[in-house]
Amino acid sequence: MSLQVGIVGLPNVGKSTLFNALTSNKAEAANYPFCTIDPNVGVVAVPDERLKKISELIKPKSLIPTSMEFVDIAGLVAGASKGEGLGNQFLGHIRSTDAITHVVRCFDDPNIIHVSGSVDPLRDIGVINTELLLADLDSVEKRIQKVEKLAKTGSDKKAKAEYDAFKKIVEALGAGRAARSVPLTDAEVPIVKDLHLLTMKPVLYVCNVNEADFSAGGNAWSKQVEEHAKSEGNNAILICSAMEAEISTLPEEERADFLASLGTEEPGLNRLIREAYKLLGLYTYFTAGEKEVRAWTIRKGMKAPQAAGVIHSDFEKGFIRAETYHCDDLFTLKSEPAVKEAGKYRLEGKDYEVKDGDVLFFRFNV
């Protein structure tokens with residue numbers, strides 16, 4: 001399942017530094033706007049301790065985590081929706097992603113230019129959100145113009161349904177509210193989804209602070225962002241991108257000691273990846289055998305045949321049943337035979353909704 005999370009923000013907020021740390025790719029990070037023009041895409045392993053714990057009990061030949069894609073999108077500026085600073089190109093890159101991590105500068109550094117001349121997270125968030133709103137408003141208004149005449153005649157039910165859904169969105173955008181805040185009927189959801197609206201995408205705010213403020217649990221600026229995120233129904237997390245970049249360059253055997261010196265057990269990036277994963281409404285299930293233990297990504301609510309299809313389309317087409325147990329039962333009972341003996345090993349059919357942490361073996365015939 002290929003899903004992309006776009007990393008957005010104003011120029012010089014630490015997006016490319018964060019991306020480099022996430023992916024160990026070297027996207028250019030420079031002290032001037034628009035140093036990133038084409039989006040950099042990196043595939044990132046999703047950290048999951050359960051995978052390691054399963055492998056310790058199953059003892060496979062290989063271990064394969066699931067992954068997701070992060071896209072480093074160039075810095076937006078005021079006027080982007082009207083083409084300022086290569087804005088139309090950048091907005092197009094965001095439109096193709098499934099979710100947004102919005103990096104907000106919550107640190108002061110005279111050596112790093114701020115595009116607006118000073119650090120003000122709420123102002124910066126306002127700039128980005130306004131540009132996304134304006135771009136969406138333009139898109140929806142154009143679609144309304146196409147269907148309005150047919151909708152008002154009353155003879156075209158499809159046009160009427162589209163017009164009513166689009167009007168809801170326009171009213172919200174015009175009032176400064178994101179498209180995702182609009183309550184839609186089941187019939188309206190696919191209509192609006194077809195527009196690929198920027199403000200319909202789920203958002204995670206990333207407060208980029210310096211190392212001292214990260215150790216202190218944040219600063220006044222990051223607290224402002226957290227409160228703003230809460231008011232929108234979104235989450236915000238704390239990251240020091242410079243520190244994460246340093247951790248990513250260390251040999252694996254030195255990372256644990258470095259993290260311990262900072263009073264933490266894992267890089268902040270692990271939490272960022274997990275939060276982005278959660279933002280997209282994703283679950284992980286596992287397949288486990290002597291050859292490999294592997295993690296697979298599915299959307300929350302997927303039934304067993306669709307989950308099988310993530311491995312191969314033939315698995316879904318010829319689905320017979322799923323043999324399953326939850327990884328927590330394996331951790332408690334220590335072996336698959338013990339799981340079976342305890343009655344925790346089950347046979348499930350086509351209507352089974354896969355749970356996060358399920359270990360699955362699919363029976364199929366094509």
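Before any of the text, the structure's been laid out above.
As the structure is a prediction and not an experimental result, all values here were calculated from the model.

Some thoughts on the overall build of the protein
The secondary structure content of the protein amounts to 15 helices and twelve strands. Here the C-alpha radius of gyration of the protein, 23 Å, is about what a compact globule of 366 residues would show, namely 21 Å. For the protein, the spread of C-alpha atoms along the principal axes amounts to about 65 × 65 × 30 Å. Burial analysis of the protein (366 residues in total) assigns 46% to the buried set. Of the contacts made within the protein by residues no fewer than 6 positions apart, 69% connect residues no fewer than 24 positions apart. Total accessible area on the protein stands at roughly 17,900 Å², and carbon and sulfur atoms take up 51% of it.

Some thoughts on the nonpolar core
If you look at the biggest cluster of nonpolar residues, it comprises 48 residues, and the most contacted ones within it are Leu22, Met68, Phe70, Ile94, Tyr205, Val225 and Leu272. Setting aside chain neighbours within four positions, we find Phe70 in contact with Val5, Ile7, Phe19, Leu22, Asn40, Val41, Gly42, Val44, Ile273 and Ala276. Membership of the second largest hydrophobic core comes to 20 residues, among which are Val140, Tyr163, Ala179 and Ile191.

What to know about the environment of Arg346
Here Arg346 lies in strand S11 (residues 346-348). Under the relative-accessibility criterion, Arg346 is labelled partly exposed at 27%. Remark: the alpha-carbon pair of Arg346 and Ala322, spanning 24 residues in sequence, is separated by 8.2 Å. Ignoring any residue separated from it by four or fewer positions in sequence, one finds Arg346 in contact with Ala322, Glu323, Thr324, Tyr325 and Tyr352. Among the polar contacts listed, one links the side chain of Arg346 to the side chain of Tyr352, at a separation of 2.9 Å.

So, the sheet that holds strand S7 (residues 235-239)
Strand order in the open sheet formed by six strands is S2-S4-S1-S5-S6-S7, with mixed pairing between adjacent strands. If you trace the sheet from one side to the other, it starts and ends with strand S2 (40-45) and S7, each paired once. Taken over all neighbouring pairs, the strand axes of this sheet differ in orientation by 25° on average, direction set aside. Where S2 and strand S4 (residues 67-72) come together, six bridges link them in antiparallel fashion. Directly across from Val41, in S4, lies its bridge partner Val71. The sheet strands contacting helix H1 (residues 15-23) are strand S1 (4-8), S2, S4, strand S5 (99-105), strand S6 (203-208) and S7, and the helix crosses S2 at an angle near 40°.

Looking at helix H9 (residues 241-249)
In an α-helix, one full turn covers 3.6 residues, which means residues spaced three or four apart are oriented alike. For H9, the complete set of buried residues consists of Ser241, Met243, Glu244, Ile247 and Ser248. Taken down its axis, H9 places every buried residue within 155° of arc, on the same side. Among the exposed residues of H9, those pointing more than 90 degrees away from its buried face are Ala242 and Thr249. Where H9 is buried, its residues contact H1, S6, helix H7 (211-215), S7, helix H10 (252-261) and helix H11 (268-279).

So, the side chain of Ser241
Here Ser241 shows up in helix H9. Not counting chain neighbours up to four residues away, the residues in contact with Ser241 comprise Gly14, Thr17, Leu18 and Asn208.

Notes on the packing of helix H4 (residues 121-153) against helix H8 (residues 220-232)
One can describe the packing of H4 onto H8 by two numbers: an axis separation of 9 Å at closest approach and a directional angle of 40°. With respect to H8, the element H4 is oriented oblique. On the side of H4, the interface is formed by Pro121, Leu122, Ile125 and Asn129, while H8 contributes Trp221, Gln224, Val225, His228 and Glu232.

Re the packing of aromatic side chains
For the structure on display, the rule yields four aromatic pairs. Three or more aromatic residues joined by ring pairs make a cluster, and in this case those are Tyr285, Phe319 and Phe362. Across the ring face of Phe331, the terminal group of Lys53 is positioned such that the distance to the ring centre comes to 4.3 Å. Over the ring of Tyr345 we find Lys340; its NZ or CZ atom is 4.7 Å from the centre of that ring.

Examining H8
The end-to-end C-alpha separation of H8 is 19 Å, in line with the 18 Å expected for 13 residues at 1.5 Å each. Taken together, the buried positions of H8 are occupied by Ser222, Val225 and Ala229. Along the long axis of H8, the arc covered by the buried residues comes to 55°, so they all point the same way. Every exposed residue of H8 that faces more than 90 degrees away from the buried side is listed here: Ala220, Lys230 and Ser231. On its buried side, H8 packs onto S5, H4, S6 and S7. The N-cap of H8, judged by a side-chain oxygen 3.0 Å from the amide nitrogen of Trp221 a few residues on, is Asn219. The positive-phi residue at the C-terminal boundary of H8 is Gly233, with phi of around 80°.

Criteria and cut-off values
- Residues numbered from 1 in each chain as written.
- Predicted model: local features only at pLDDT ≥ 70, side-chain atom pairs only at ≥ 80, totals over all residues.
- Heavy atoms only, no water.
- Helix = DSSP H or I, 4+ residues; strand = E, 2+ residues; numbered from the N terminus.
- Rg over C-alpha atoms; globule rule 2.2 N^0.38 Å.
- Buried < 20%, exposed > 50% of the residue type's maximum accessible area, 1.4 Å probe, protein only.
- Contact = heavy atoms within 4.5 Å.
- Areas by Shrake-Rupley, 256 points an atom, 1.4 Å probe, with all protein chains shown as cover.
- Core = buried A, V, L, I, M, F, W, Y, C linked by side-chain atoms within 4.5 Å.
- Polar contact = N/O pair within 3.5 Å; in protein donor to acceptor, adjacent residues only side chain to side chain.
- Pairing = 2+ DSSP bridges.
- Axes fitted to C-alpha atoms, helices over the stretch in contact; angles between N-to-C directions.
- Arc of directions from axis to C-beta.
- Parallel < 35°, antiparallel > 145°, perpendicular 65-115°, else oblique.
- Phe/Tyr/Trp six-rings, centres within 6.5 Å; stacked < 30°, edge-to-face > 60°.
- Lys NZ or Arg CZ within 6 Å of the ring centre and 35° of its normal.
- Expected span 1.5 Å × (residues − 1).

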